Amino acid sequence: MALTKEQQLQYISHLIGECHKCDLYKTATNHVPGHGNANAEIVFIGEAPGEQEDLQGLPFVGNSGKLLDKLLNTIKVPRTDVFICNILKHRPPENRDPLPQEMKVCTPYLKAQLKIIKPKLIITLGRFAMNYFFPEESISRIRGQVRKIIWQELPLTIIPVYHPSAGLRNGAMLKSLQEDFLSIGQYLQKN
Ligand code: SF4
């Protein structure tokens, strides 16, 4: 009998929990594979787990997660309808930037998750996640725009936005995030 999407995602989470492909598992408290609806139309992708995420094993908890929930509320999408994950599945020590080699060896997990969920739309959160898909771009230039690409042989539709933590620090970025979430809502209504 074929596995359900939930079971397939659970299997990926299990593989991530046993992964030793880079050194990040050594300093992490928990793996943070991602969390949410296996049938999600929207997948949010951040850079890597932070301190609270590492402690709880869940993505986007803490203040950034609370702001993300509020932004989702503005477009009437409950968090239970989306899937949220990061490029890296273990926290880099002291929240340092991910290394290219770490992202390279961790990418098959993200690819597998996207292949299972097949979202209509991906929202990258922050500069790092945007650059992962668009290495030549700047977030201030393309945030809020709908971009269609082939990534790792998967056709993806992506809207990059600022990271919620930037919105917590800076009023102008919060305004941009609010505008971009309206664009996300409009895209979902039309597609
Ligand atoms: S960050 Fe990714 S590649 Fe590195 S140990 Fe964790 S799951 Fe494996």
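Residues numbered from 1 in each chain as written. Predicted model: local features only at pLDDT ≥ 70, side-chain atom pairs only at ≥ 80, totals over all residues. Heavy atoms only, no water.

Regarding the UniProt feature "domain: Uracil-DNA glycosylase-like" (unreviewed entry) in the protein chain
Under the local residue numbering, the UniProt record ascribes the feature "domain: Uracil-DNA glycosylase-like" (unreviewed entry) to residues 33–182. Secondary structure within residues 33–182 divides into 44% helix and 19% strand; the distance between the first and last C-alpha atoms comes to 28 Å. (UniProt positions renumbered as here; feature names shortened; annotations may be inferred. Helix = DSSP H or I, 4+ residues; strand = E, 2+ residues; numbered from the N terminus.)

Focus: the nonpolar core
Ranked by internal contacts, the top residues of the largest apolar core, which has 58 residues, are Phe-44, Phe-133 and Phe-181. Residues contacting Phe-133, with those up to four places away along its chain left out, are Ile-45, Leu-110, Thr-124, Ile-149, Trp-151, Leu-156 and Ile-158. (Core = buried A, V, L, I, M, F, W, Y, C linked by side-chain atoms within 4.5 Å. Buried < 20%, exposed > 50% of the residue type's maximum accessible area, 1.4 Å probe, protein only. Contact = heavy atoms within 4.5 Å.)

Considerations on the pattern of salt bridges
Pairing of side chains with opposite charge becomes possible as their charged atoms draw close. Within the structure shown, the criterion is met by nine salt bridges. Connected through shared salt-bridge partners, Arg-143, Lys-175, Glu-179 and Asp-180 make up one network. (Salt bridge = Lys/Arg side-chain N within 4 Å of Asp/Glu carboxyl O.)

Quick look at the site of the ligand
Within the structure, the ligand sits among Ile-16, Cys-19, Lys-21, Cys-22, Leu-24, Lys-89, His-90, Val-105, Cys-106 and Tyr-109. At three residues, helix 5 (residues 100–117) tops the list of elements feeding residues into the shell around the ligand. In terms of residue class, the shell around the ligand is built from seven nonpolar, one polar and two charged. (Near = heavy atom within 4 Å. Nonpolar A, V, L, I, M, F, W, Y, C, P; charged D, E, K, R; others polar.)

Overview of the environment of Gly-50
Relative to the helices and strands, Gly-50 is located in the loop between strand 2 (42–46) and helix 3 (51–56). For Gly-50, a relative accessible area of 13% translates into the label buried. For the pair Gly-50 and Arg-96, spaced 46 residues apart in sequence, the C-alpha to C-alpha distance is 9.7 Å. Apart from residues no more than four positions distant in its own chain, Gly-50 is found in contact with Arg-91 and Asn-95.

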